[in-house]
Amino acid sequence: MLSADLIIEHASELITLAGYHAGPRTGGSLRDLGLIADGAVAASQGRIVAVGPTPQVRDLVRLEPASTVVDARGCVVLPGFVDPHTHLVFAGGRADEFEMRLRGATYQEIAAAGGGILRTVAATRGADEETLVRLGLARLDRMLRCGTTTAEVKSGYGLSVGDEIKQLRAIRRLSQLHQVDLIATVLAAHAVPVEFKGDPDGYVAAIIGQILPAVAEEGLAEFCDVFCEEGAFTPDQARAVLRAGAELGLVPKLHADELSDQGGAALAAEVGAVSADHLLYSSEDGLAAMAHRGTVAVLLPTTAFFLGLPYASARRMIEMGVPVALASDFNPGSSPTWAMPAVISLACVGMKMLPAEAVAAATINAAWAVGRACDVGSLEAGKSADMLVLEVSDYRELAMHIGAPTVRTVVKRGRVVVQ
Ligand code: NIG
Ligand code: FE
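Residues numbered from 1 in each chain as written. Chains lettered and ligands numbered in written order. Predicted model: local features only at pLDDT ≥ 70, side-chain atom pairs only at ≥ 80, totals over all residues. Heavy atoms only, no water.

A. Broad picture of the packing of helix H5 (residues 129-145) against helix H6 (residues 161-177). Close contact between H5 and H6 brings their axes to 9 Å; oriented N to C, the two are set at 45°. Judged by the inter-axis angle, H5 sits oblique to H6. Where H5 crosses over H6, the handedness of that crossing is right-handed. Judged by residue contacts, Glu129, Glu130, Leu132, Val133, Gly136, Leu137 and Leu140 of H5 engage Lys166, Gln167, Arg169, Ala170, Arg173, Leu174 and Leu177 from H6. Here the residues of the contact of H5 with H6 are counted per class, giving seven nonpolar, two polar and five charged. (Axes fitted to C-alpha atoms, helices over the stretch in contact; angles between N-to-C directions. Helix = DSSP H or I, 4+ residues; strand = E, 2+ residues; numbered from the N terminus. Parallel < 35°, antiparallel > 145°, perpendicular 65-115°, else oblique. Left-handed = near helix turned anticlockwise from the far one by under 90°. Contact = heavy atoms within 4.5 Å. Nonpolar A, V, L, I, M, F, W, Y, C, P; charged D, E, K, R; others polar.)

What follows is the structure, given as structure tokens:
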């Protein structure tokens, strides 16, 4: 008999998404939720020990005294959301820019006028690590309440050795202090800072020569990302940064084709990026290269919605065999939300993903996008016991109640952290 200290039982629908060994989900397998009626999950010391129909799991495990028993009758149970693309650590706000855009200004016009990312850079440079941690903790509380149990967080509001390191140290401390597990990405190539205005190549040289080595030296990031876009970095600059990062052991990611087609999808495939993110304007050829290489497409529908841009072609990507994941892109400018349920709603309504596809994209495929598929994203023996109980009995309703998250209970590493 297996010993357990937590059991969630009698879920109307238990969504396991089991079978991660087969790799990121593509095509029809994205719809395969591994759904169990009257399902149960048992865990011991933070790890899942049994998953199956409630009577079967009850037979398999012996509950220790003082175990936690969660009755999920009438509820859906699924893995905690993995948010594989956020810019969670920043100071300051940009509410005035939101209003400017409502009056007709574009995101690019605001950025060109010194607003946008560079404004958040100025505010973030002005904040110390302590302040960034305090702001981050409050945001993580909100994310957790919306069901996110693992998140990737990028730097990119520092843009100098000292300020990028400060942001990444804040991310590391946040991951230690908070229940949500964080995965750090260095995004020094987010924008050209004022001190390099007119000399983007000079800044790229500084990224390659100073920032990335300092980050790698301190072991502060796992991934390296570049904003490849007109007004940010060219494909050649992006390639140089990602190659330099890879040599230091930083796995490439890419902000690709967000505002225009820069050939970002193909570039991500070429450099062996784990994911290419956004992909609003990607070409067929670029997507085909990603499908061939198995590059995960991280789609960010709240960004398209918030900026009033056309959504990424999720249906086409799924048809072509690209593994699709979903993320919030949480940041103060282009996607000021941390709610994965809202991301899932817009993925369905805006991109015509089926609710089952959206759920898989926000859990197991999102875990693949951040190299965590062996630990989170599905409910299988051995994995971290990160689970959500939703106050709905049909998982499709998760996508239907737009703006009204249905998360009732959050379990992180076998402990109830939101009730
Ligand atoms: O993913 N595109 C670049 N980075 C973010 C926006 C960051 C910001 O506006 O502060 C994005 O959309
Ligand atoms: Fe982003």
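Back to the text.
B. The arrangement of the domain arrangement of the chain in detail. Its domain assignment divides the chain into domain 1 (2-80 + 377-418) and domain 2 (87-369). Computed from C-alpha coordinates alone, the two centres of domain 1 and domain 2 are separated by 29 Å. Contacts between the two partners involve 32 residues from domain 1, matched on the other side by 31 residues from domain 2. Interface area, domain 1 with domain 2, both sides summed: about 2700 Å², of which 73% is carbon and sulfur. In this structure, the connection of domain 1 to domain 2 is made through three salt bridges. With its nearest N and O atoms 3.7 Å apart, the salt bridge here joins glutamate 357 to arginine 31. Where domain 1 packs against domain 2, one counts six residue pairs in polar contact (both at pLDDT 80 or more). At four residues, the largest contribution of residues to the side of domain 1 that touches domain 2 is made by strand S15 (residues 407-412). Its residues assigned to classes, the side of domain 1 that touches domain 2 shows 19 nonpolar, six polar and seven charged. (Domains from an automatic or database assignment. Buried area = accessible area lost by both parts, 1.4 Å probe. Salt bridge = Lys/Arg side-chain N within 4 Å of Asp/Glu carboxyl O. Polar contact = N/O pair within 3.5 Å; in protein donor to acceptor, adjacent residues only side chain to side chain.)

C. Seen up close, the site of ligand 1. Around ligand 1, the surrounding shell holds 15 residues, and the nearest of these are Arg94, Tyr107, Tyr157, Glu258 and Ser334. One of the side-chain nitrogen or oxygen atoms of histidine 255 is found 3.1 Å away from an oxygen atom of ligand 1. Separating a nitrogen atom of ligand 1 from a side-chain N or O atom of glutamate 258 is a distance of 2.7 Å. Across the shell around ligand 1, the residue classes break down as four nonpolar, eight polar and three charged. (Near = heavy atom within 4 Å.)

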